[in-house]
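Geometric and topological summary
Take a look at the letters that make up each chain.
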Amino acid sequence: MTRLSTRLNPTPPQRHPMRMPLGLGRRAAGCLMLLLGAGAALGQTLCSSDGQAPPVALVERFISAECVSCWQKPLAGQRSAQTMALDWIVPSHRGDDAPLSAVANNEARLRLAALAQPTPEGQSQIVHPVIGWPGASLRVARGLALGGYVGASITLRIPSDVTPNLPLHAWLALVEALPLGTEGSPVPRNLVRNVLQPIWNGHSVLQESASWVWQDMRPMNVPVGTQTTRMQMIGWVTDATGRVLLAAASVCPPEHDE
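In short, a report on the structure. (Residues numbered from 1 in each chain as written. Predicted model: local features only at pLDDT ≥ 70, side-chain atom pairs only at ≥ 80, totals over all residues. Heavy atoms only, no water.)

1. Examining the overall build of the protein
Helix and strand counts for the protein stand at five helices and 13 strands. For the protein, the proportion of its 258 residues judged to be buried stands at 49%. Across the protein, contacts joining residues at least 24 apart in sequence account for 77% of those joining residues at least 6 apart. Summed over its atoms, the accessible surface of the protein is roughly 12,000 Å², and 55% of this surface lies on carbon and sulfur atoms. (Helix = DSSP H or I, 4+ residues; strand = E, 2+ residues; numbered from the N terminus. Buried < 20%, exposed > 50% of the residue type's maximum accessible area, 1.4 Å probe, protein only. Contact = heavy atoms within 4.5 Å. Areas by Shrake-Rupley, 256 points an atom, 1.4 Å probe, with all protein chains shown as cover.)

2. Quick notes on the state of the cysteines
Evaluated as defined, the whole model comprises two disulfides. Covalent S-S linkage joins cysteine 47 and cysteine 252, the inter-sulfur distance amounting to 1.9 Å. When the S-S torsion is 110°, as for the bridge of cysteine 47 with cysteine 252, the disulfide is right-handed. In this pair, cysteine 47 is assigned in strand S1 (residues 47–48) and cysteine 252 in the segment after strand S13 (244–249), connecting sequence segments 205 residues apart. The class of cysteine 47 is buried, set by a relative accessible area of 1%. Overall, cysteine 252 belongs to the buried group, its relative accessible area being 15%. One disulfide bridge connects cysteine 67 with cysteine 70, the sulfur atoms lying 1.9 Å from each other. Taking the sign of the torsion about the S-S bond as the criterion, the disulfide between cysteine 67 and cysteine 70, at about 75°, is right-handed. Sequence-ordered numbering of the bonded cysteines in the protein yields a pairing of 1-4, 2-3. (Disulfide = S-S within 2.5 Å.)

3. Quick word on the sheet that holds S1
The strand order S1-S5-S6-S11-S10 describes an open sheet built from five strands, whose pairing is antiparallel. The sheet is open, and its two edges are formed by S1 and strand S10 (206–207), each paired on a single side. Taken together, the two bridges between S1 and strand S5 (residues 137–146) define a ladder with antiparallel strand orientation. Pairing of cysteine 47 across the sheet is with arginine 142, part of S5. (Pairing = 2+ DSSP bridges.)

4. Thoughts on the side chain of serine 185
Within the secondary structure, serine 185 is located in the loop between strand S7 (168–178) and strand S8 (189–196). Using a relative accessible area of 3% as the deciding quantity, one classes serine 185 as buried. Only 3.0 Å separates the side chain of serine 185 from the side chain of arginine 189, close enough to count as a polar contact. In contact with serine 185, other than residues within four places in its own chain, are Trp71 and Leu180. (Polar contact = N/O pair within 3.5 Å; in protein donor to acceptor, adjacent residues only side chain to side chain.)

5. A look at the nonpolar core
Across soluble globular proteins, nonpolar side chains have a tendency to be buried as a group. Among the nonpolar cores identified, the biggest contains 24 residues, and Trp133, Leu156, Leu168 and Trp200 are the most heavily contacted of them. Residue assignment for this core shows that the elements contributing at least two residues are S5, strand S6 (149–159), S7, strand S11 (211–221), strand S12 (231–238) and S13. If one sorts the elements of this core by residue count, S6 sits on top with five residues. Apart from residues lying up to four places away in sequence, tryptophan 133 is in contact with Leu156, Ile158, Val162, Pro164, Leu168, Leu245 and Leu246. With 20 residues, the next largest nonpolar core counts Leu58, Met84, Val175 and Val244 among its residues. (Core = buried A, V, L, I, M, F, W, Y, C linked by side-chain atoms within 4.5 Å.)

6. Describing the pattern of salt bridges
On inspection of all chains with the given rule, the structure shows eight salt bridges. Taking the shortest distance from any N to any O, the salt bridge between arginine 94 and glutamate 66 comes out at 2.8 Å. Residue arginine 94 is located in the loop between strand S3 (83–90) and helix H5 (107–114), and its partner glutamate 66 is located in the loop between strand S2 (57–64) and helix H4 (68–72); the two are separated by 28 residues in the primary sequence. Its salt-bridge partner being aspartate 87, residue arginine 189 comes within 2.6 Å of it at the nearest N-O pair. On the criterion of sequence distance, the pair formed by arginine 189 in strand S8 and aspartate 87 in strand S3 is long-range, its members being 102 residues apart. For aspartate 87, a relative accessible area of 0% corresponds to the buried category. What emerges from the salt-bridge pattern is a single network uniting Arg61, Asp87 and Arg189. (Salt bridge = Lys/Arg side-chain N within 4 Å of Asp/Glu carboxyl O.)

7. Some details on the pairing of S7
Most of S7 sits inside the fold, with nine of its 11 residues counted as buried. In terms of strand pairing, S7 meets S12 through eight bridges, oriented antiparallel. Within the sheet, the bridge partner assigned to histidine 169 lies in S12 and is threonine 238. Looking at chain direction, S7 and S8 are connected through seven bridges and run antiparallel. Its bridge partner being in S8, leucine 172 is matched across the sheet by leucine 196.

Keep in mind these numbers describe shape, not what the thing actually does.
The structure is reproduced here in structure tokens:
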């Protein structure tokens, strides 16, 4: 099989995509509203989760960067229209010499650590039921990719009479939506390219008339080789015990073109 990296990412991505030189970070932050609003300014709709049915289950698939066959033979899992799957490629001890190294990212290791799960030798899978939160909503969105960055946001609203179990942990993944058949995969995949991990507590909440609002808006680095027309956002929120309370995924309209 052709090495996966030749299709998805011909050059290795930055190993620390969230880290930027101070000057560049400030410039990127200053352009955040442009990144998020450029679509509207150009008459194009932002990619967001507005109007989408929220997922009832979140499936996380972890594949070692050593295991090409795992990409071609995923573990059996829960599949339905309301099940959202993410694909993490976990770096191996061989680094750039591993077959799938070009699409591996260190955030996969951080996610496994947060789940108290070991690094798989081949592949592993975790299915999280989405508990749901009456009266609450989660929204994710992104803008256009400009200069190697994309503006991304995640917003949680809960009724003002609810006392959440703080802190709340938000996860916002920039994924590349790959159709069935990509590099021999028998299933569509949402390949995780970059991740934001806000932690929300009582100091970061805003109060509206009928709800509490937590929100994070940041520029995200787009790794080299990512097809920007396939980019989507998948977000979820966990409580202090690690349960997935809410999840959301963006959808771009067919006419969206970058």
